[in-house]
Amino acid sequence: AGYSVDFSQLFVVGHSSGGSMSLFLQNNMPSLFRAGAAVESGVGHLEEWNNQSRGRPVMLIWNHNDPVLQEFGGDALYFSSLRQLRRHKPAGATANPWYVTEVVLPATQTSDIEYAQWMAWPATGGASAVEVVSWKTWNPTHSWASQRAIAGAFDASTVTWEFFRRMAQTA
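Everything numeric in this text was worked out from a predicted model, so none of it was measured.

(A) Local environment of unusual backbone geometry. You will see that Ser16, though not glycine, has its phi angle at about 60 degrees, which is positive. Summarising the element assignment, Ser16 is placed in the loop between strand 1 (11-15) and helix 1 (17-28). Within the chain, Glu40 stands out as a residue other than glycine whose phi angle is a positive 55 degrees. Tracing the chain through its elements places Glu40 in the loop between strand 2 (35-39) and strand 3 (58-63). In this structure Glu40 comes out as buried when scored by relative accessible area, which is 1%.

This is the structure we're talking about:
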């Protein structure tokens, strides 16, 4: 009612099971969503995935000390999610990212962050672009990355927003 929506600029993001759903939606409905992002979640329910789809660009934010992710397979789920998102580039789907850098963390007195690294694989052939923020907290947590929730953390909202802004500018 009165809102103008540019349907060519729809993005989907979620946390935990909502993040898994955003990964599913960007893959199974690529004509609707420009890109997707998932925070503290991985690819699940592969029997429902349209494996012929190239999907859309995706960002995955993954805490390697997340107790919920550990319950669902931990690093095995992390790597299987990357392989699924990069399935059209099976040779080296999870190896040799095009870009790797440390995530700039806020200067604080204390930090609960052990490390945070940003990796990117560009769109190539049939594979969509994938960006990953791989990070680890000293203490187990399933929280959305932010200064309010985790001392010294980057802001997952800002990171996903910037990812979506970059994807909005691509053809």
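(B) Quick look at the pattern of salt bridges. Tallied over the full model, the rule gives 2 salt bridges. For Arg165, the salt bridge is made with Glu162, and the minimal N-O distance between the two is 3.7 Å. A residue pair is termed a helical-turn pair when its members lie 3 or 4 positions apart in one helix, as Arg165 and Glu162 do in helix 4 (residues 156-168) at 3 residues. When its relative accessible area of 43% is taken as the criterion, Arg165 is described as partly exposed. With relative accessibility at 32%, the residue Glu162 sits in the partly exposed group.

(C) A look at the nonpolar core. Of all hydrophobic cores here, the largest spans 20 residues; its most connected members are Met59, Ile61, Val133, Trp135, Phe154 and Val159. For this core, the secondary structure elements donating two or more residues are strand 2, strand 3, strand 5 (113-121), strand 6 (130-137) and helix 4. In terms of residue count, the dominant contributor to this core is helix 4 (5 residues). The contact partners of Phe154, leaving out residues within four places of it in the chain, are Ile61, Val103, Val104, Leu105, Pro106, Ala116, Val133, Trp135, Ala145, Ser146 and Val159.

(D) Main features of the packing of aromatic side chains. As enumerated under the stated definition, the model contains 5 aromatic pairs in all. Ring geometry for Phe11 and Phe164: centres 4.7 Å apart, planes at 35 degrees, overall tilted. One end of the pair, Phe11, is in strand 1; the other, Phe164, is in helix 4, with 153 residues separating them in the sequence. The partly exposed category is assigned to Phe11, whose relative accessible area is 25%. According to the relative accessible area criterion, Phe164 is buried, its value standing at 9%. An angle of 75 degrees between the planes, with centres 4.9 Å apart, marks the rings of Tyr78 and Phe79 as edge-to-face. Exposure remark for Tyr78: the relative accessible area of 4% places this residue in the buried category. Here Phe79 falls in the partly exposed class, since its relative accessible area comes to 36%. Members of the aromatic cluster, connected to one another through ring pairs, are Phe11, Phe163 and Phe164.

Rules used in this analysis
Residues numbered from 1 in each chain as written. Predicted model: local features only at pLDDT ≥ 70, side-chain atom pairs only at ≥ 80, totals over all residues. Heavy atoms only, no water. Helix = DSSP H or I, 4+ residues; strand = E, 2+ residues; numbered from the N terminus. Buried < 20%, exposed > 50% of the residue type's maximum accessible area, 1.4 Å probe, protein only. Salt bridge = Lys/Arg side-chain N within 4 Å of Asp/Glu carboxyl O. Core = buried A, V, L, I, M, F, W, Y, C linked by side-chain atoms within 4.5 Å. Contact = heavy atoms within 4.5 Å. Phe/Tyr/Trp six-rings, centres within 6.5 Å; stacked < 30°, edge-to-face > 60°.

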